[in-house]
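Secondary and tertiary structure notes
Each chain is listed here by its residues.
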Amino acid sequence: MGYKVMRFCKLVSVMFLLLISQIGSIRVDAFTGTFGINYGRIADNIPSPKLVVQLLRKAKIRNVRIFNYDHSVLEAFSGTGLELVVGLPNENLNDMSNNPDHALKWVKDNILYFYPQTRIVGIAIGNEVFGNDQNLWGSLLGAVKNIYNATKSLNLDKIQITTSHHFGVFDNSYPPSNCTFRADMKQYIKPLLDFFSKVGSPFCLNAYPFLTYMSDPTHINVSYALFQKNPGIIDSQTRLHYDNLLEAQVDAAYAALEDAGFKKMEVIITETGWASRGDQSEAVATPENARTYNYNLRKRLALRKGTPLRPKLMLKAYLFAMFNEDSKPGPTSERNFGLWKPDGSISYDVGFPALKSSAPIVFIPNGLPCLLIFHSKFLWILKLEAGSCPIPWYLPCQCGYYFCFSYCEKPQFEFC
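Residues numbered from 1 in each chain as written. Predicted model: local features only at pLDDT ≥ 70, side-chain atom pairs only at ≥ 80, totals over all residues. Heavy atoms only, no water.

A few words now on the pairing of strand S5 (residues 160-166). Judged by how many residues are buried, S5 sits mostly within the fold: 6 of 7 residues are covered. Note that strand S4 (residues 120-127) and S5 share 4 bridges and pair parallel. Looking at the pairing, Asn127 lines up with Ser164 of S5. The β-α-β motif built from S4, the intervening helix H6 (residues 137-153) and the parallel element S5 has right-handed crossover chirality. Two elements, S5 and strand S8 (residues 203-206), share 3 bridges in a ladder whose sense is parallel. Paired with His166 across the two strands is Asn206, which belongs to S8. (Buried < 20%, exposed > 50% of the residue type's maximum accessible area, 1.4 Å probe, protein only. Helix = DSSP H or I, 4+ residues; strand = E, 2+ residues; numbered from the N terminus. Pairing = 2+ DSSP bridges. Right-handed = clockwise from strand over helix to strand, strands pointing away.)

Overall, the coordinates contain 11 salt bridges when judged by the stated rule. Where Lys105 meets Asp109, a salt bridge forms, and the shortest distance between an N and an O atom there is 2.5 Å. Pair noted here: Lys105 and Asp109 are both in helix H5 (residues 100-112), with a separation of 4 residues, about one helical turn. Under the relative-accessibility criterion, Asp109 is labelled partly exposed at 33%. For Asp184, the salt bridge goes to Arg182, with nearest N and O atoms at 2.7 Å. Judged by relative accessible area, Arg182 falls into the partly exposed class, the value being 24%. In the salt-bridge network here, residues are joined through shared partners; they are Arg62, Glu83 and Arg119. (Salt bridge = Lys/Arg side-chain N within 4 Å of Asp/Glu carboxyl O.)

Inspection of every chain in the model, using the stated rule, returns 2 cavities of 30 Å³ or more. One number sums up the size of the second largest cavity: a volume of about 40 Å³. Lining the second largest cavity are Leu339, Trp340, Ile346, Tyr348, Asp349, Val350, Gly351 and Phe352. Broken down by class, the residue content of the lining of the second largest cavity amounts to 6 nonpolar, 1 polar and 1 charged. (1 Å grid on protein atoms, 1.4 Å probe; cavity = no way out; pocket = protein on both sides within 12 Å on 5 of 7 lines; lining within 4 Å. Points joined across faces, edges and corners; volume = space filled by probe spheres on them. Nonpolar A, V, L, I, M, F, W, Y, C, P; charged D, E, K, R; others polar.)

Below, the discussion takes up unusual backbone geometry. Cis geometry marks the peptide bond from Tyr115 to Pro116, where omega comes out at 5 degrees. Assignment of secondary structure puts Pro116 in the loop between H5 and S4. Positive phi is not limited to glycine here, since Asn155 has a value of about 60 degrees. In this structure, Asn155 sits in the loop between H6 and S5. In this structure Asn155 comes out as exposed when scored by relative accessible area, which is 64%. At Arg304, a position not held by glycine, the phi torsion is positive, near 55 degrees. Within the secondary structure, Arg304 sits in the loop between helix H11 (287-302) and strand S12 (317-319).

Here is the structure:
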């Protein structure tokens, strides 16, 4: 009898391990670390994709999202090691949903053709579909399934399929634990979540404390929205304390997912940011607030910790966006979310380098020109010897890079 029990226990253990291994193999991780950025291109004055790649590598930003499948971008990212999520625009959803053959051709022409030299880690099917054209709501799941099946048939198993939602898909998001999905969307969202749970995809959320604050400035403390010191809030049901609005929004999403039956699904922030300029009605859209929000966001993500409701799930976010996009419609704020200006210089300093250094040439009392370089917590003063032009001078840094300059040339730098 004891022998049979032992054999049975061993059999159950083996079956359990096999089941766990199969479940684990379903999940595809398309995000390295905690920080990424959105590379929007609705502009006529931004740098070329090749220069953008240089900027991303200097800034050491590895995770990048684009909103379409522009081949010049896909080619520029080839061989760079940068991890790219490619967007399938909303206008393609009906076609992809109704025609599996078209979905297969799209994946062949725009993903497989560039893969793996271009490290494509995900495909975003539409963006904020629920809340835009209601005619697309019924097409999203079909497009998701057909693109997913196309990747599987082409052995692109490591590419994650997702779609991003705006915060308007929720009802009753205050307090966070009270949040649910909107009743008019549940019939579309629940089947989508069911499919994503089976293939191991996360719930992707575009969360903007900037917009939430502007919708209710009377009841929301701007310091709470900017990650600054404030009393915070306490969720009356869970008794959890929140000292910033973004974490409260993420936990509201977790609460809605649990209410819908998807407690284990991860939430990833696919867009968040703060505008540096706006209309008269957007008074908080200032460079100072934009810098504060984005700088504090980076600090928060660097902690590599979760939210109050999900402390073991590391918070991950893509910042919006790389550049101000001068061709976007809507209020002024829509065109002013960029960290960098069109010429590659920084809009405000959150710790990232510019495409070209703006360090000035100045003159010290003895008449010899010097170059002031601010980096991290140090100030380098490099003296240029008279008559040295055009011989370049080099100063080694601890990390192995060099500052290179000469008297007659515009300074160009590699930052440590």
